[in-house]
Amino acid sequence: MYILYLLLALMILLVMVTIHEFGHYIAGKILHFKINEFSIGFGKSLFSHTSKKTGEVFSIRLIPLGGYCAFEGEEGESEVKGAFNKMAPWKRIIVLFFGGFFNILSGIIFSIILLCSTGYDIPKVYTVDSIPVVISSSVSEWQSTDKIVDINGVSVEYSAPEYLSYSIKEYSESVNAQASSYQVKYYRGNSYYIATVNVEFKANTGLQEGDVIWKVNGTSVDFTHNNTLQSLLQNSEGNTATLSIKRDGKWHDVEVELFDYGVGKNASKVVGITSEAYKFSFGEALIRAVPFTFGLAYKVLESLWQLITGQLGLSAVGGPITTITTMATYTQNNFASFFILLPLIAVNLGVFNLLPIPALDGSKIVFTTIEWIRKKPINPKVENAIHNIGFIVLMGLVIIADIYHLLFF
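Residues numbered from 1 in each chain as written. Predicted model: local features only at pLDDT ≥ 70, side-chain atom pairs only at ≥ 80, totals over all residues. Heavy atoms only, no water.

**Student:** Break down the overall build of the chain for me, with residues and values.
**Tutor:** Scanning the chain from N- to C-terminus turns up nine helices and 15 strands. Here the C-alpha radius of gyration of the chain, 28 Å, is well above what a compact globule of 409 residues would show, namely 22 Å. Here the C-alpha coordinates of the chain stretch approximately 90 × 55 × 45 Å along the principal axes. For the chain, with 409 residues in total, the buried portion stands at 42%. In the chain, the share of contacts with a sequence separation of at least 24, taken over all contacts with a separation of at least 6, comes to 67%. Approximately 22,100 Å² of the chain is accessible, and the part contributed by carbon and sulfur atoms is 60%. (Helix = DSSP H or I, 4+ residues; strand = E, 2+ residues; numbered from the N terminus. Rg over C-alpha atoms; globule rule 2.2 N^0.38 Å. Buried < 20%, exposed > 50% of the residue type's maximum accessible area, 1.4 Å probe, protein only. Contact = heavy atoms within 4.5 Å. Areas by Shrake-Rupley, 256 points an atom, 1.4 Å probe, with all protein chains shown as cover.)

**Student:** Got a sec to walk through the side chain of Arg92? Specific residues and values, please.
**Tutor:** Checked against the element boundaries, Arg92 lands in helix 2 (residues 89–117). Taking the relative accessible area as the measure of exposure, Arg92 reaches 7% and is therefore buried. Of note is the side chain of Arg92, whose polar atom sits 2.8 Å from the side chain of Glu371. With residues near it in sequence (within four places) discarded, Arg92 still touches Phe33, Phe84, Met87, Thr368 and Glu371. (Polar contact = N/O pair within 3.5 Å; in protein donor to acceptor, adjacent residues only side chain to side chain.)

**Student:** Break down the packing of aromatic side chains for me, citing the residues and quoting the values.
**Tutor:** On inspection of all chains with the given rule, the structure shows 25 aromatic pairs. With a centroid separation of 5.9 Å and an interplanar angle of 90°, the aromatic rings of Tyr171 and Tyr182 are classed as edge-to-face. Placement of Tyr171 in helix 3 (residues 164–175) and of Tyr182 in strand 7 (residues 181–188) is noted, with a sequence separation of 11 residues between them. A relative accessible area of 15% places Tyr171 in the buried class. Cluster of aromatic residues (ring-pair linked, three or more members): Phe22, Tyr25, Phe38, Phe58, Phe97, Phe98, Phe101 and Phe102. Between the NZ or CZ atom of Lys185 and the centre of the ring of Tyr192, over which it lies, the distance is 5.0 Å. (Phe/Tyr/Trp six-rings, centres within 6.5 Å; stacked < 30°, edge-to-face > 60°. Lys NZ or Arg CZ within 6 Å of the ring centre and 35° of its normal.)

**Student:** Now, about the sheet that holds strand 4 (residues 131–137): what can you tell me, with residues and values included?
**Tutor:** As summarised here, the arrangement of the five strands in space is 4-8-7-5-6, forming an open sheet in which the pairing is antiparallel. Of all the strands in the sheet, the pair left with one neighbour each is strand 4 and strand 6 (154–155). Here two bridges tie strand 5 (residues 147–151) to strand 6, and the two strands are oriented antiparallel to one another. Within strand 6, the residue paired with Asp150 across the bridge is Ser155. Together, strand 4, strand 5, strand 6, strand 7 and strand 8 (191–202) form the strand contacts of helix 3, whose direction differs from that of strand 4 by roughly 120°. (Pairing = 2+ DSSP bridges. Axes fitted to C-alpha atoms, helices over the stretch in contact; angles between N-to-C directions.)

**Student:** Describe unusual backbone geometry, and please don't skip the residues or the numbers.
**Tutor:** The backbone phi angle of His32 is positive, close to 65°, even though this residue is not glycine. Note on placement: His32 falls in the loop between helix 1 (2–30) and strand 1 (35–50). A positive phi angle is found at Lys375, which is not glycine, with a value near 70°. Here Lys375 is to be found in the loop between helix 8 (361–374) and helix 9 (380–408).

**Student:** Can you explain the nonpolar core? Please cite residues and give values.
**Tutor:** In this structure, Leu233 and Leu243 are the most contacted members of the largest nonpolar core, which totals 47 residues. Looking at this core, the elements that each hand over two or more residues are helix 1, helix 2, strand 9 (212–216), helix 4 (229–234), strand 11 (240–247), strand 12 (250–257), helix 5 (282–308) and helix 7 (337–353). Once you skip the residues sitting within four places of it in the chain, Leu233 turns out to touch Val216, Ala241, Leu243, Leu258, Lys269, Val270 and Val271. Counting 17 residues, the second-largest nonpolar core is a separate cluster that includes Val134, Trp142, Val156 and Tyr182. (Core = buried A, V, L, I, M, F, W, Y, C linked by side-chain atoms within 4.5 Å.)

**Student:** Mind laying out the layout of surface pockets, listing which residues take part and the relevant values?
**Tutor:** Its boundaries defined by the atoms lining it, the second largest pocket holds a volume of some 320 Å³. Secondary structure elements with two or more residues in the lining of the second largest pocket: helix 3, helix 4 and strand 15 (273–277). Here the lining of the second largest pocket is built from residues that sort into eight nonpolar, five polar and two charged. (1 Å grid on protein atoms, 1.4 Å probe; cavity = no way out; pocket = protein on both sides within 12 Å on 5 of 7 lines; lining within 4 Å. Points joined across faces, edges and corners; volume = space filled by probe spheres on them. Nonpolar A, V, L, I, M, F, W, Y, C, P; charged D, E, K, R; others polar.)

**Student:** Describe the packing of helix 2 against helix 5, and please don't skip the residues or the numbers.
**Tutor:** Running from N to C, helix 2 and helix 5 cross one another at 130°; their axes reach a closest spacing of 8 Å. The orientation of helix 2 with respect to helix 5, classified from their angle, is oblique. Viewed along their axes, helix 2 and helix 5 form a crossing whose handedness is right-handed. Across from Ile104, Gly107, Ile108, Ser111, Ile112, Leu114, Leu115 and Cys116 in helix 2, the residues of helix 5 making contact are Phe282, Ala285, Leu286, Arg288, Ala289, Val290, Phe292, Thr293 and Leu296. A class-by-class count of the residues in the contact of helix 2 with helix 5 yields 13 nonpolar, three polar and one charged. (Parallel < 35°, antiparallel > 145°, perpendicular 65-115°, else oblique. Left-handed = near helix turned anticlockwise from the far one by under 90°.)

**Student:** Residue-level account of the environment of Gly99, with values.
**Tutor:** For Gly99, the position within the fold is in helix 2. Taking the C-alpha atoms as reference points, Gly99 and Ser159, separated by 60 residues in sequence, lie 50 Å from one another. Those residues in contact with Gly99 that lie beyond four places of it in its chain are His20, Gly23 and His24.

Now the structure itself:
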């Protein structure tokens, strides 16, 4: 079964690259560039068709890890009409830009599909629960290394002190009864201890199933700025928060009580709900898709900066093989992941290609812009050498990253 997900991931990556090259192709056709070949894949040609009208070759090649749109005069001098090297700099910049632009544009379309099909970062109340809030315990101070073993003689899965409320809630649901006092067995150091924990079950009656939470204390829930519902609640001052919700198509501001979920320094502030991602209507998704996609682009640039500054290690980098296997794994584990991977990879490809890194479109745009300003091109041999070195370095990094992931992950 995993091989099917690998094939699906391979097809997605191939579609993304084809969209990128199609962007170059469309811009080239509009601006009357001479195009020699549009290829899906590299290596030996499996299928090709030559247009009798334009002489353009359309190919499908053996290695499905890329593709290209070959312009006349792109790699060297040519006197043919419409040759890349003979076209005005502003036209070449548009052609170079349209590859990444088409990826980002497709990312917007994929974002609409994601927001309508599964939703993403806006929470919708699924259930309103009674939360066991710890009032007191016989332990004066819980330690982060404490391991809770069982509650009232029943083993628990979540053993850290910050999960105590969750464990009590799970236990209470398993026996279908709520109590005000529980015997908690925990392990500290080399010894076991029994603690008496007194709780009060509380619920936020101001919330209802189906409420969509858009803001917490005036701040929008938005993954771009890491403003998840939980992080906004955690940063709230005091023991209440104001939620801006949409209920039955109408807006409401609801003040809710914040409950300490667990004990110890890592206890969380919660409102006592389970939630699911809100699925947008098509109209809502159209409005949300552009900022959502640019939020993904921001995350890509943020991750790149963290790589440069050493905040992220080599494990965060991957080439085509890593991308394909990661997509296959995530999709196999949860098919809903497929919908977030589509815009994420599209934007990733688009943004990365527009960066001013030698051999990428962004670098070629920089060289063409310099030519436009100084009214003459940079020495072609120098430019080609820079791009060739950049290509070798990029391929080396990709190969190293893929080998690293294959060996250690």
